[in-house]
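# Fold and contact review
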Amino acid sequence: MENKVILYGASGHCKVIIDILECSNVGIKNIVDDNPKSTTILGKSVVHSSEISLQPTDNVILSIGNNKVRKKLSNQLNVTFEKAIHPTAIVSQHTSIGEGTVVMAGAILNPDASIGNHCIINSGAVVEHDCIIEDFVHISPNASLAGGVEVGEGSQVGIGATVIQGIKIGKWAVIGAGAVIINDVPDNSVVVGNPGKVIKIKQNEYH
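Described below are features of the structure shown in this document. As the structure is a computational prediction, the values presented were derived from the model and not from experiment.

### Re the overall build of the protein chain
A tally of helices and strands in the protein chain yields 2 helices and 25 strands. By principal-axis analysis of the C-alpha atoms, the protein chain measures approximately 50 × 35 × 25 Å. The buried share of the protein chain, reckoned over its 207 residues, is 46%. Relative to all contacts within the protein chain whose residues are 6 or more apart in sequence, the contacts with residues 24 or more apart total 23%. For the protein chain, the accessible surface area stands at approximately 9,700 Å², while carbon and sulfur atoms represent 48% of it.

Spelled out as structure tokens, the structure:
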């Protein structure tokens with residue numbers, strides 16, 4: 001990556017990406033936010049989005065934890081999206097990772113896993129062989145996906161959740177922290193517990 005990276009979103013998630021880039025010796029050009037709560041983050045200046053004109057050649061990472069907001073901005077911004085992978089992550093050379101995706105410290109991605117665009121593979125998460133992670137998914141810290149799991153667009157797998165092999169998680173679902181998923185999960189559902197049970201079906205915001 002020759003050019004410095006622009007981070008869009010001055011959130012707590014942004015702090016982690018700053019650390020990843022610093023550990024990877026990648027420069028940060030700007031931090032941009034639509035409604036910044038502070039003028040600095042980790043000692044770096046934050047500018048309002050109205051003060052900067054992003055160009056197609058700008059290298060940008062959406063440093064926002066909210067899956068829906070990342071999708072919205074990815075459709076709005078005409079830029080070049082970059083990925084960030086912490087040097088302590090273990091990523092198989094046979095794993096594919098889409099644009100804009102962030103892989104955090106200690107994560108493990110095993111062979112033939114496919115990670116979509118603008119995903120978050122959080123600290124210590126495990127994505128086993130042959131998993132398919134669609135766009136805008138968040139695999140939370142210490143969550144574990146066994147082999148062949150599929151996670152649909154926009155879903156979040158909560159902290160410490162466990163998903164057994166071959167499970168299909170639908171789009172825009174939420175898996176609660178610590179849940180154990182032994183059955184397929186429908187689109188837009190909220191699943192908690194051990195074994196995981198659907199407690200709610202959310203309104204479908206995406207078609």
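### A short note on the pattern of salt bridges
Any two side chains of opposite charge can pair, so long as their charged atoms come close to each other. Under the definition given, this model contains 4 salt bridges. Lys71 is the salt-bridge partner of Glu153, the closest N and O atoms lying 2.9 Å from each other. Remark: Lys71 occurs in helix H2 (residues 67–76) and Glu153 occurs in the loop between strand S18 (150–151) and strand S19 (156–157); sequence separation between them is 82 residues. What makes Lys71 buried here is its relative accessible area of 16%.

### Observations concerning the environment of Thr80
Position of Thr80 relative to the elements: it lies in strand S6 (residues 80–81). In this structure, the C-alpha to C-alpha distance between Thr80 and Ala10, residues 70 residues apart in sequence, is 19 Å. Excluding residues that lie within four positions of it along the chain, Thr80 makes contacts with Pro56, Thr57, Asp58, Asn59 and Val60. A polar side-chain atom of Thr80 sits 2.7 Å from the main-chain carbonyl oxygen of Pro56.

### Quick notes on the sheet that holds strand S9 (residues 96–97)
Overall, parallel pairing links the 5 strands, which are arranged S9-S12-S15-S18-S21 in an open sheet. Here the strands that pair on one side only, and so sit at the sheet edges, are S9 and strand S21 (168–169).

### Looking at the sheet that holds strand S5 (residues 59–62)
Pairing within the open sheet is mixed, and its 6 strands lie in the order S3-S4-S2-S1-S5-S6. Because the sheet does not close on itself, it has two edges, and the strands there are strand S3 (40–41) and S6. When S5 meets S6, the two strands line up parallel, connected through 2 bridges. Looking across to S6, one finds that Val60 is bridged to Phe81.

### Things to note about the environment of Ile121
When you line up the elements, Ile121 lands in strand S13 (residues 120–121). Looking at Ile121, the relative accessible area reads 0%, which means it is buried. Sequence spacing of Ile121 and Val151 is 30 residues, and the spatial spacing of their C-alpha atoms is 12 Å. In this view, Ile121 contacts Val102, Val103, Met104, Ala107, Leu109, Ile115, Val127 and Ile139; residues no more than four positions away in its chain are not counted.

### Section: the pairing of S5
Burial of the side chains of S5 extends over both faces: Asn59 and Ile61 are buried on one face and Val60 and Leu62 on the other. Where strand S1 (residues 5–8) and S5 come together, 4 bridges link them in parallel fashion. Bridge pairing in S5 links Leu7 to Ile61. Each parallel crossover has a hand, and the one from S5 via H2 to S6 is right-handed.

Thresholds applied
Residues numbered from 1 in each chain as written. Predicted model: local features only at pLDDT ≥ 70, side-chain atom pairs only at ≥ 80, totals over all residues. Heavy atoms only, no water. Helix = DSSP H or I, 4+ residues; strand = E, 2+ residues; numbered from the N terminus. Buried < 20%, exposed > 50% of the residue type's maximum accessible area, 1.4 Å probe, protein only. Contact = heavy atoms within 4.5 Å. Areas by Shrake-Rupley, 256 points an atom, 1.4 Å probe, with all protein chains shown as cover. Salt bridge = Lys/Arg side-chain N within 4 Å of Asp/Glu carboxyl O. Polar contact = N/O pair within 3.5 Å; in protein donor to acceptor, adjacent residues only side chain to side chain. Pairing = 2+ DSSP bridges. Right-handed = clockwise from strand over helix to strand, strands pointing away.

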